[in-house]
Amino acid sequence: MYLLFTLLMIFITSTWIIIQERKKKVLEKSVAIYALRKISWELIAGIFMFLVALVLCYFFIESLIKAFYVLYNSHLIDSALDLFSTEILNKVQTYTLENSMLAEWAGIISFKGTGLKYLISAIGIGGSGIITIHHELQKSAVRMDGILLRMQKTSWDKITYYQWGELDQGRTLDGDRSYYILRFNVKASKIEAWLTKNDMAEVELLIAPDDKEAVDNILAKALAAKQ
């Protein structure tokens with residue numbers, strides 16, 4: 001059961017990333033200007049979750065080795081895979097208790113109580129962390145038909161306002177760079193508006209100085225088309 005859950009979560013995470021990568025290839029065909037990538041709190045949180053998952057994996061492996069050492073040497077299991085079977089663990093637990101094999105019984109109780117919880121937690125937290133990191137590493141861009149925000153396309157008809165900020169400089173995922181902050185007011189979807197109680201959302205793109213003129217030309221054409 002637990003092994004199946006582990007494989008299922010790995011499959012779901014891998015499938016999600018593959019789908020996003022294929023989607024990216026399609027969306028990037030019409031990209032005009034890429035924006036610089038910001039260091040976001042979401043990215044930091046994703047990295048933190050991944051590190052926590054690694055720590056939990058260490059505790060799980062430590063618990064697995066201890067349980068396997070005790071049970072295998074007592075000839076109660078044939079392989080480490082038996083430790084992932086709830087049915088086998090329950091049978092061995094009953095057998096050790098009935099035969100007063102207290103060390104072996106305690107090993108099973110410890111593994112079931114904490115070891116497997118470490119595994120489930122590591123998979124859940126690690127999978128969420130990997131998906132978050134992958135999402136936050138995606139580039140935003142300006143297109144002729146709208147803007148691309150981390151794989152999410154927003155057409156110009158949903159953008160009501162934009163404003164350039166002053167030239168700034170700071171650390172980005174693309175290095176220590178100078179950039180302009182380009183702010184957009186975007187019409188929120190019905191679900192977003194209901195959740196946030198706001199019909200508008202503000203998004204930002206970091207535009208390199210060398211790309212500002214090209215972006216201005218795209219914005220001028222987009223506004224002209226809307227009028």
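Residues numbered from 1 in each chain as written. Predicted model: local features only at pLDDT ≥ 70, side-chain atom pairs only at ≥ 80, totals over all residues. Heavy atoms only, no water.

## Description of the packing of aromatic side chains
Then, number 1: In the structure shown here, the tally under the stated rule is eight aromatic pairs.
Then, number 2: Residues Phe59 and Tyr118 carry aromatic rings whose centres are separated by 5.5 Å and whose planes lie at 35° to one another, so their mutual orientation is tilted. Taken together, the residues Phe59 in helix H2 (residues 41-73) and Tyr118 in helix H4 (residues 102-136) connect sequence positions 59 residues apart.
Then, number 3: By relative accessible area, which is 27% here, Tyr118 ends up partly exposed.
Then, number 4: Among the aromatic residues, those joined into a ring-pair cluster are Tyr58, Phe59 and Tyr118.
Then, number 5: Positioned above the aromatic ring of Tyr34, the side-chain terminus of Lys139 is 5.1 Å from the ring centre.
Then, number 6: Over the face of the ring belonging to Tyr180 we find Lys212, whose NZ or CZ atom lies 5.4 Å from the ring centre. (Phe/Tyr/Trp six-rings, centres within 6.5 Å; stacked < 30°, edge-to-face > 60°. Helix = DSSP H or I, 4+ residues; strand = E, 2+ residues; numbered from the N terminus. Buried < 20%, exposed > 50% of the residue type's maximum accessible area, 1.4 Å probe, protein only. Lys NZ or Arg CZ within 6 Å of the ring centre and 35° of its normal.)

## What to know about the pattern of salt bridges
Then, number 1: Summed over all chains, the structure comprises seven salt bridges.
Then, number 2: Between Asp216 and Lys212 there is a salt bridge; the shortest N-O distance is 3.2 Å. Here Asp216 pairs with Lys212, and both are found in helix H6 (residues 212-226), just four residues apart, close to one helical turn.
Then, number 3: The partly exposed category is assigned to Asp216, whose relative accessible area is 25%.
Then, number 4: For Lys212, a relative accessible area of 21% corresponds to the partly exposed category. (Salt bridge = Lys/Arg side-chain N within 4 Å of Asp/Glu carboxyl O.)

## As for the packing of H2 against H4
Then, number 1: With their axes 7 Å apart at the nearest point, H2 and H4 run at an angle of 155° to one another. Viewed along their axes, H2 and H4 adopt a mutual orientation that is roughly antiparallel. For the element pair H2 and H4, the recorded crossing hand is left-handed.
Then, number 2: Looking at the contact of H2 with H4 residue by residue, the classes come out as 24 nonpolar, ten polar and three charged. (Axes fitted to C-alpha atoms, helices over the stretch in contact; angles between N-to-C directions. Parallel < 35°, antiparallel > 145°, perpendicular 65-115°, else oblique. Left-handed = near helix turned anticlockwise from the far one by under 90°. Nonpolar A, V, L, I, M, F, W, Y, C, P; charged D, E, K, R; others polar.)

## Digging into the confidence of the model for the protein chain
Then, number 1: Residues at a pLDDT of 70 or more form 93% of the protein chain, whose mean pLDDT is 85.
Then, number 2: H2 holds the highest mean pLDDT among the elements of the protein chain, 91, whereas helix H5 (residues 190-196) holds the lowest, 67. (pLDDT = per-residue confidence, 0-100.)

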